[in-house]
Amino acid sequence: MLDEALLDSPDALARADTGGLLPSVAAAGARVRTAARAAAEAGLGELKPDGRPRTLLIAGPGSAPGQLADLLGGLAACPVLPLAPTGSAPTAQELRWTLPGWAGPLDLLLLTTADGTEPGLTGLVEQAYRRGCTVAGVSPSGTPLTGALQQAHGLALPFAPPPYRPTATEAYDAAHGTEPDVPPDPGAFWALLTPLLSLADRMGLLSAPPDVVAAVADRLDAAAERFGPAAETYRNPAKALAVELAHSLPLVWSEGATVAPAARRFAAVLTSLAGRPALAAALPEAIAEHRALLDGTLTPAGDDLDDFFRDRVEEPDGLRLRIVLLREPETEPATAAVEAANAHGTPLSEIDAADGSPAETLAELLALTDFAAVYLALTPAEGSSA
């Protein structure tokens, strides 16, 4: 079982959170405001695009480009495709990207990075310039990538760093020439997404004017209070979801095209941040896609479930399936999903998205699932040596 005593102790969570995961997730609203302000100061509001692009291409290190393409693809009025990198090693300095053969003046290349020193991205800017492909990038100011974008007459949008100051230990490491480990920064997703949303709005690909971006930031602030460590588990949906997913293999199902990117990102964050295996699929195909799992050994036997007086102490500690269903607001009850869960004795967690614009709906879902993943990453099982 997950250690709920630790989960309900903000001080204990803060001590366990040596990488600053919770402050990073909680500051998502601030990152949105900072990123929007920086994009405006970079001249985004004065941009006068000459028509809509045929395709958006997104490239950058890590999993963020694929998640950004997935989310923007559900909102934008054109195809949004991530560019897969190649390389001899999975480090950002070794990765290389190549434009598809059909890319040209009708397409827009978007680069996303929290670093800006990747040679592969600089080379990709040169490819785009030779092809006549318009290019824009989100990168820290003063980096080689920003310089390359300026030379290619592209648009450089500043990356909003986290509101974070180095600790005394990190200051010592910097003074003595050693590089401290860089912890994950879940809030970086919002620092990359916000300028792209504003750019896509400016180009008429989706609706994300400044008032919508401000509403997204407000929704993230409210979510940080509702899902944050100070809220007890019994009234905190993120903590409650973390408890439900302890020792589970989550099948993250989505109902509705708007929430599907949030489901896929939740499965990815559970794996990359919390170290938990998870699978995502969209209804109605999810039931058929995961049928073999539902019929397999990860589902409790029906007779055992019916025996209320069974000895739970003797039950195995292995993973058991749990369906997490993300649903769009005001949709009909997911009868097929409930029936499939009941038929296979699989527990089901239903999460209904809140009302609002598509961007606000996604913001709250992403905040909830990010907080849940962080709680799973920080909270060891009772009796473990962690």
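As a reminder, the structure under discussion sits directly above these lines.
Residues numbered from 1 in each chain as written. Predicted model: local features only at pLDDT ≥ 70, side-chain atom pairs only at ≥ 80, totals over all residues. Heavy atoms only, no water.

Draft legend 1. Structural view of the pairing of strand S3 (residues 108–112). Most of S3 sits out of view: five of its five residues are buried. With four bridges connecting them, strand S1 (residues 56–59) and S3 associate as parallel partners. Looking at S3, one finds that Leu57 is bridged to Leu109. Pairing of S3 with strand S4 (residues 134–139) involves five bridges; the strand directions are parallel. Paired with Leu111 across the two strands is Gly137, which belongs to S4. Between S3 and its parallel partner S4, the chain crosses via helix H6 (residues 119–131), and the hand of that crossover is right-handed. (Buried < 20%, exposed > 50% of the residue type's maximum accessible area, 1.4 Å probe, protein only. Helix = DSSP H or I, 4+ residues; strand = E, 2+ residues; numbered from the N terminus. Pairing = 2+ DSSP bridges. Right-handed = clockwise from strand over helix to strand, strands pointing away.)

Draft legend 2. Broad picture of the side chain of Glu118. Topologically, Glu118 is positioned in the loop between S3 and H6. Buried charge Glu118 goes without a salt bridge, the closest partner of opposite sign being Arg96 at 9.4 Å. Not counting chain neighbours up to four residues away, the residues in contact with Glu118 comprise Pro61, Ala92, Gln93 and Thr113. (Lys, Arg positive; Asp, Glu negative; His and termini not counted. Salt bridge = Lys/Arg side-chain N within 4 Å of Asp/Glu carboxyl O. Contact = heavy atoms within 4.5 Å.)

Draft legend 3. A look at helix H16 (residues 335–343). Looking only at H16, the buried set comprises Ala337, Ala340 and Ala341. In a view along the axis of H16, the buried residues occupy a sector of 100°, so they form one face of it. When the buried face of H16 is taken as reference, the exposed residues oriented beyond 90 degrees from it are Glu339, Asn342 and Ala343. Buried residues in H16 make contact with strand S6 (248–255), helix H13 (285–289), strand S8 (320–327) and strand S9 (348–352). Gly345, located one to two residues past H16, shows a positive phi value of around 65°. (Arc of directions from axis to C-beta.)

Draft legend 4. Representation of the sheet that holds S8 within the structure. In space, the four strands of this open sheet follow the order S7-S6-S8-S9, with parallel pairing throughout. Only two strands of the sheet have a single partner each, and these edge strands are strand S7 (279–282) and S9. On average, each strand axis in the sheet is tilted by 20° relative to the strand beside it, whichever way the strands run. Strand direction decides the pairing type here: S6 and S7, joined by four bridges, are parallel. Counterpart to Ser254 in the pairing with S7 is Ala282. Packing against the sheet, H16 makes contact with S6, S8 and S9, and its axis sits at approximately 160° to S9. (Axes fitted to C-alpha atoms, helices over the stretch in contact; angles between N-to-C directions.)

Draft legend 5. Layout of the pattern of salt bridges. Taken as a whole, this structure holds 14 salt bridges when the rule is applied. Among the salt bridges present, the one from Asp70 reaches Arg264, with a minimum N-O distance of 2.6 Å. A residue pair is termed long-range when its members are at least 10 positions apart, and Asp70 in helix H5 (residues 64–73) and Arg264 in helix H12 (residues 260–272) qualify at 194 residues. When its relative accessible area of 38% is taken as the criterion, Arg264 is described as partly exposed. Asp370 is paired through a salt bridge with Arg265; the nearest N and O atoms lie 2.7 Å apart.

Draft legend 6. Structural detail: the packing of H6 against helix H7 (residues 144–151). Close contact between H6 and H7 brings their axes to 9 Å; oriented N to C, the two are set at 5°. Taken together, the axes of H6 and H7 are roughly parallel relative to one another. Facing Leu121, Thr122 and Val125 of H6, the residues of H7 in contact are Pro144, Leu145, Ala148 and Leu149. Split into classes, the residues belonging to the contact of H6 with H7 amount to six nonpolar, one polar and no charged. (Parallel < 35°, antiparallel > 145°, perpendicular 65-115°, else oblique. Nonpolar A, V, L, I, M, F, W, Y, C, P; charged D, E, K, R; others polar.)

Draft legend 7. Representation of the sheet that holds S3. In space, the five strands of this open sheet follow the order S2-S1-S3-S4-S5, with parallel pairing throughout. Here the strands that pair on one side only, and so sit at the sheet edges, are strand S2 (80–82) and strand S5 (155–158). Taking the axes of each pair of neighbouring strands and ignoring which way they run, one obtains an average angle of 20° across the sheet.

Draft legend 8. Geometry of the environment of Gln93. Secondary-structure assignment places Gln93 in the loop between S2 and S3. Leave out the neighbours within four places in its chain, and Gln93 touches Asp115, Thr117, Glu118 and Pro119.

Draft legend 9. Expanded view of unusual backbone geometry. With an omega dihedral of 5°, the bond running from Leu283 to Pro284 counts as a cis peptide bond. Counting through the fold element by element, Pro284 comes out in the loop between S7 and H13. Look at His153: it is not a glycine, yet its phi comes out positive at around 60°. Note that His153 resides in the loop between H7 and S5. For His247, which is not a glycine, the phi torsion comes out positive at approximately 60°. Note that His247 resides in the loop between helix H11 (237–245) and S6. When its relative accessible area of 35% is taken as the criterion, His247 is described as partly exposed.

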